[in-house]
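Residue-level structural notes
The lines below spell out each chain.
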Amino acid sequence: MAVVRTVLYLVVYPGLLFLFVYSTFCEWFDRKVYARFQNRMGPTHTGRFGVLQPIADFFKLMAKEDVVPDAADKRLFSVLPVIGLAVVSTAGLLLPVWNFDLANPGWTSFSGDIIVILYLLSLPTLILFLAAWSSTNLFSTIGGARVLTMLFGYEVPLFLAVLSPAILADSWRLAEIAAFYQAKPLLLLTNILGFFIALVAVQAKLERTPFDIPHAETEIVGGTFTEYSGKKLALFRLTFDIEMVVASGLLAAVFLGGFPGGAVVGFIHFVVKTLFIIFLLSLLRALTSRIRIDQVVSFAWKYLAPLAVLQLLATILLKGLIT
Amino acid sequence: MNFQIPIGPQHPALKEPISLRMTVDGEVITDVDIRLGYNHRGLEKLAEEKTWLQNIYLTERICGICSHSHSSCFVQGVEKLMELTPPRRGLYIRYLVSELERVHSHLLWLGVAGHEAGFDSFFMYTWRDREVVMDLLEMISGNRVHYAMNTLGGVRRDLDEGQKARILEGVAILRKRSEYYFHIGASEPSFVARIAGVGLLSKEQAVSLCAVGPVARASGVARDVRKEDPYAVYDELDFELCTADTCDVLGRVVVRVKELLQSYRMIEQMVKGLPDGDIVVKAPRKAKPGEVVSRYEAPRGENIHYIKANGSDKPERLKVRAPTLGNYAATLVMLRKGFIADIPLIFAAIDPCICCAERTVTLVKAGSGEESVVRMSDLRRRAIARHQNAPVKRNAVWPL
């Protein structure tokens, strides 16, 4: 019975199938919001209000011809999309929405899982770099170099911003951090600065405007994905969708008080809060233009990182006051 | 890491084929080479085989955006050759369409600039509002792109009172929107960060490289045919010459938006002061021998048509200098020392219309890159020989 439960947990809910359905829904939501900001309709045709459009796109891409360039490192080139998908899906299991017991840490919720989830969210960046490098295309190579350059910019502010609420809650476990803020909701206000820093950093991690530099269409064609097509590209796109869900779930758990109230109410909390964060990400995407790679790095180190340190200092002072 | 990246002939930033070969060091461009000739159509030769009247519709097809500019430029020249004086009302309607075309071209360009900078919201908004002027043009001429308004000695369609009222309404909407875009283009931080100080072209360089149109004006060179050599109705209109002194892409955005506002002023003046009378006079079939140079300020800059007549009903020679050609030399200077990320912006900032400017073809061997000059008859002979010897391909499998 335990085996069946684990298999269901991994494959159906909240594993691959749920993440697939929910992340495509989030992609639809993002596309629709983005389109409405631009005075467009967005997807309308497939399913009611076009809800099924991302799924249709996924299956269409799966059916397309899959070309592997002659000069590419074929094994690495082919295996990277699968690894990327596996990594972000694993990160999805660690969100404290389902199957956690505050008193008894298990293998989905343990002390230090916030570090693990941050680590798992960093891996796709490296995978993208390897994918770009192994496809040997000129535009991909430039895209790969940009992926890594950007990583140096946003990773430190993201870590500092996400860890400062954990310091205040005095725990490295997502479920406990969320429970701490559920008990004292007013303390959430002290982390607002960190929330916005993390939001910008997540936008950069997801490579969306203004940080869509590694695959800037008008500059370097497809960037990292120039040589990817068919199934592999479909998996990469799904990876980004799931990464968006997991990253917004992480921000919701840390900055918005988590998902209290058991399975059903907790799940509603999860949907509302992640959609709220995705709405903010779409807003940022609609309001800005793409910036240059050197501007990303200088922006991250001149503004984001000092502000994140400020947030950290404020948190430490506050913690001294409270205890 | 020094390598060459090919921007074009096929690239998402380019809407038409041209090849920019960038030698880059990391993200910085060290050298630029430009190759033309991917879209040569033999228009000038074709013009020699058509009559004066047919050529109006041919020149209109030189460009898909400034179609009216080319046909007006041509018609102006031919009217001078034929010693025709079009009626005032005809001229007013012709240049009213010119200014509406400038509005549609500049709005289109603003959207493209936004898209190249990754600012797609700006793109969507400007193109939505561009529909207003497209509808006006369709109402006046029956077409959205190739208006076919010009004819020798005037224009082909008249304006009535209802149309005049609708033009004024449309212009009022567009003026309000353009002021908003001026605000966005000059103050949205991430957009300004991308375009300020990018693609520098000093005033001296702009003069010495013969830059034309908004590129020259953004470098502080007050050069505009409408002011310097006012043709037809422009000496009767009250408008300002727009320049900027920042010499960068931001300046080119500002100049174009200011020109939009000036165009609205001119359109209102022309609609309100539209004279009564005929719109066209009858033109002769043949032109006397002679030659003429016709200048016209197109949305992209100065457009020059050189027309030579030999007394028949066809031109002996038609030479078109499209404004984009005048800006290529300046583009190479602007691109040097820039970032890869700036390529689409700098190149788009000259508002390139590549097929208008194509006048030659270079034959390049795909394998070795060797270039050669070949006579047309020789090329034809080679093509025949190649196809005679080639085996018939059935169910050919193309290698990927």
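Residues numbered from 1 in each chain as written. Chains lettered and ligands numbered in written order. Predicted model: local features only at pLDDT ≥ 70, side-chain atom pairs only at ≥ 80, totals over all residues. Heavy atoms only, no water.

With that out of the way, let us pick up the overall build of chain B. The number of helices and strands found in chain B is 15 helices and 10 strands. Relative to the compact-globule value of 21 Å for 400 residues, chain B shows a C-alpha radius of gyration of 23 Å, a close match. Expressed along its principal axes, the backbone C-alpha trace of chain B runs to roughly 65 × 55 × 45 Å. Put simply, chain B has 400 residues, and 54% of those count as buried. Once local pairs closer than 6 in sequence are excluded, the contacts in chain B between residues at least 24 apart make up 70%. For chain B, the computed accessible surface area is about 17,300 Å², with 54% contributed by carbon and sulfur atoms. If you average the places of the 55 positive and of the 50 negative side-chain charges in chain B, the two averages end up 6 Å apart. (Helix = DSSP H or I, 4+ residues; strand = E, 2+ residues; numbered from the N terminus. Rg over C-alpha atoms; globule rule 2.2 N^0.38 Å. Buried < 20%, exposed > 50% of the residue type's maximum accessible area, 1.4 Å probe, protein only. Contact = heavy atoms within 4.5 Å. Areas by Shrake-Rupley, 256 points an atom, 1.4 Å probe, with all protein chains shown as cover. Lys, Arg positive; Asp, Glu negative; His and termini not counted. Charge placed at Lys NZ, Arg CZ, Asp CG, Glu CD.)

As a further point, take the interface of chain A and chain B. If you look at the interface, chain A gives 26 residues, while chain B gives 31 residues. Buried surface at the junction of chain A and chain B, both sides included, amounts to about 2,500 Å², of which 58% is carbon and sulfur. Of all residues in chain A, the largest losses of buried area upon contact with chain B belong to T218, E219 and R292 of chain A, amounting jointly to 24% of the total for that side. Summed over the shared surface of chain A and chain B, the result is three salt bridges. Here E27 of chain B and R146 of chain A are joined by a salt bridge, their closest N and O atoms 2.7 Å apart. Where chain A packs against chain B, one counts 12 residue pairs in polar contact (both at pLDDT 80 or more). (Buried area = accessible area lost by both parts, 1.4 Å probe. Salt bridge = Lys/Arg side-chain N within 4 Å of Asp/Glu carboxyl O. Polar contact = N/O pair within 3.5 Å; in protein donor to acceptor, adjacent residues only side chain to side chain.)

With that out of the way, let us pick up the packing of aromatic side chains. Counting across every chain of the model gives 32 aromatic pairs over all chains. The interplanar angle of 90° and the centroid separation of 6.1 Å between the aromatic rings of F225 of chain A and F240 of chain A together place this pair among those described as edge-to-face. Of this pair, F225 of chain A sits in the loop between α9 (217-220) and α10 (230-255) while F240 of chain A sits in helix α10, placing them 15 residues apart in sequence. The class of F225 of chain A is buried, set by a relative accessible area of 16%. Through successive ring pairs, a cluster of aromatic residues spans F18, Y22, F25, W28, F259, F267 and F270 of chain A. Over the face of the ring belonging to W127 of chain B we find R130 of chain B, whose NZ or CZ atom lies 5.2 Å from the ring centre. One cation-aromatic arrangement involves R256 of chain B over W109 of chain B; the distance from NZ or CZ to the ring centre is 4.1 Å. (Phe/Tyr/Trp six-rings, centres within 6.5 Å; stacked < 30°, edge-to-face > 60°. Lys NZ or Arg CZ within 6 Å of the ring centre and 35° of its normal.)

The next thing to look at is the nonpolar core. Y22, I114, I117, V162, Y181, L251 and F270 of chain A are the most contacted members of the largest nonpolar core, which has 93 residues in total. In terms of residues, this core owes the most to one element, α10 of chain A, which gives 17 residues. Beyond its immediate stretch of four places on either side in the chain, L251 of chain A contacts V162, F195, A198, L199, V202, L256 and I277 of chain A. One finds Y95, L107, F191 and M334 of chain B within the second-largest nonpolar core, a separate group that totals 88 residues. (Core = buried A, V, L, I, M, F, W, Y, C linked by side-chain atoms within 4.5 Å.)

Residue and element names in this part refer to chain B. In terms of domain boundaries, chain B breaks down into domain 1 (3-38 + 336-344 + 351-388) and domain 2 (43-324). Using only C-alpha atoms to locate each centre, domain 1 and domain 2 end up separated by 28 Å. The interface of domain 1 with domain 2 comprises 12 residues on the first partner and 16 residues on the second. For the pair domain 1 and domain 2, the two sides together bury roughly 1,200 Å², of which 51% comes from carbon and sulfur. Of all residues in domain 1, D351, C356 and R359 give up the largest surface area on contact with domain 2, accounting jointly for 50% of the area buried on that side. Note that D351 is salt-bridged to R300, the shortest N-O span being 3.4 Å. Here the side of domain 1 that touches domain 2 gets three residues from one element, more than from any other, and that element is helix α14 (residues 354-357). Partitioned by chemical class, the residues of the side of domain 1 that touches domain 2 number eight nonpolar, no polar and four charged. (Domains from an automatic or database assignment. Nonpolar A, V, L, I, M, F, W, Y, C, P; charged D, E, K, R; others polar.)

All names here are of chain A. Within the structure shown, the criterion is met by seven cavities of 30 Å³ or more. Here the largest cavity defines a volume of roughly 70 Å³. If you go around the largest cavity, the residues you meet are T24, E27, P54, D57, F58, L61, A234, R237, L238 and D241. Listing elements by their share of the lining of the largest cavity, those giving two or more residues are α2 (16-37), α3 (53-63) and α10. A breakdown of the residues in the lining of the largest cavity according to their chemical character gives five nonpolar, one polar and four charged. (1 Å grid on protein atoms, 1.4 Å probe; cavity = no way out; pocket = protein on both sides within 12 Å on 5 of 7 lines; lining within 4 Å. Points joined across faces, edges and corners; volume = space filled by probe spheres on them.)

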